[in-house]
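One letter stands for each residue in the lines below.
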Amino acid sequence: MSVTSEATTAWKGSLFEGSGQVALTTSGVGTFDVNWKARSEGSTSVTTPEELLAAAHSACFSMALSHALTQNGTPPESVDATASVSFTPGTGITGSHLNVNAVVPGIDAEAFQRIAADAKANCPVSQALAGIEITLEATLA
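Residues numbered from 1 in each chain as written. Predicted model: local features only at pLDDT ≥ 70, side-chain atom pairs only at ≥ 80, totals over all residues. Heavy atoms only, no water.

(A) Broad picture of the packing of aromatic side chains. Scanning all chains against the criterion turns up two aromatic pairs. Judged by centre distance (6.0 Å) and plane angle (85 degrees), the ring pair of Trp36 and Phe87 falls under edge-to-face. A residue pair is termed long-range when its members are at least 10 positions apart, and Trp36 in helix α1 (residues 36-41) and Phe87 in strand β4 (residues 78-88) qualify at 51 residues. With respect to class, Trp36 is no different from Phe87; both count as buried. Just above the ring of Phe87 sits the side chain of Arg39; from NZ or CZ to the centre is 4.3 Å. (Phe/Tyr/Trp six-rings, centres within 6.5 Å; stacked < 30°, edge-to-face > 60°. Helix = DSSP H or I, 4+ residues; strand = E, 2+ residues; numbered from the N terminus. Buried < 20%, exposed > 50% of the residue type's maximum accessible area, 1.4 Å probe, protein only. Lys NZ or Arg CZ within 6 Å of the ring centre and 35° of its normal.)

Below, the structure written as structure tokens:
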């Protein structure tokens, strides 16, 4: 069974002077302001496509890692992941850096690194981002 998720953006004006709102229409959990200034210069009050992509990547990776650790016989107590997605105006999205801290009883560091690297390579969002560099920093807490 396939599941389709939707988000809608209503944009007004030109790229540089305009602005829009992204609505998570499938879940209805939020509407977020977007604009070029936030995307090209950064902002703490307006989101960007890259921040939304980072949210998707960190969630997908956390799910993939949790599943892989459980299949290894070492289910995690917790997985805390951050994705940092980089954007360069004129170039585009240039990379995603995953940083994860996990509490995983009964696993050694080498096995954890191997499983984390596999989760990074095989989570569906990582696969969708195959055209950019994806890096990983994985730590057992």
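(B) Examining the nonpolar core more closely. Among the nonpolar cores identified, the biggest contains 25 residues, and Phe61, Leu65, Leu69, Ile107 and Phe112 are the most heavily contacted of them. Elements that contribute at least two residues to this core include exactly α2 (49-71), β4, β5 (92-103), α3 (109-122) and β6 (133-140). For this core, the element with the highest residue contribution is α2, accounting for six residues. Beyond its immediate sequence surroundings of up to four residues, Phe61 is in contact with Ala81, Leu98, Val100, Ala116, Ala119, Lys120, Cys123 and Leu136. (Core = buried A, V, L, I, M, F, W, Y, C linked by side-chain atoms within 4.5 Å. Contact = heavy atoms within 4.5 Å.)

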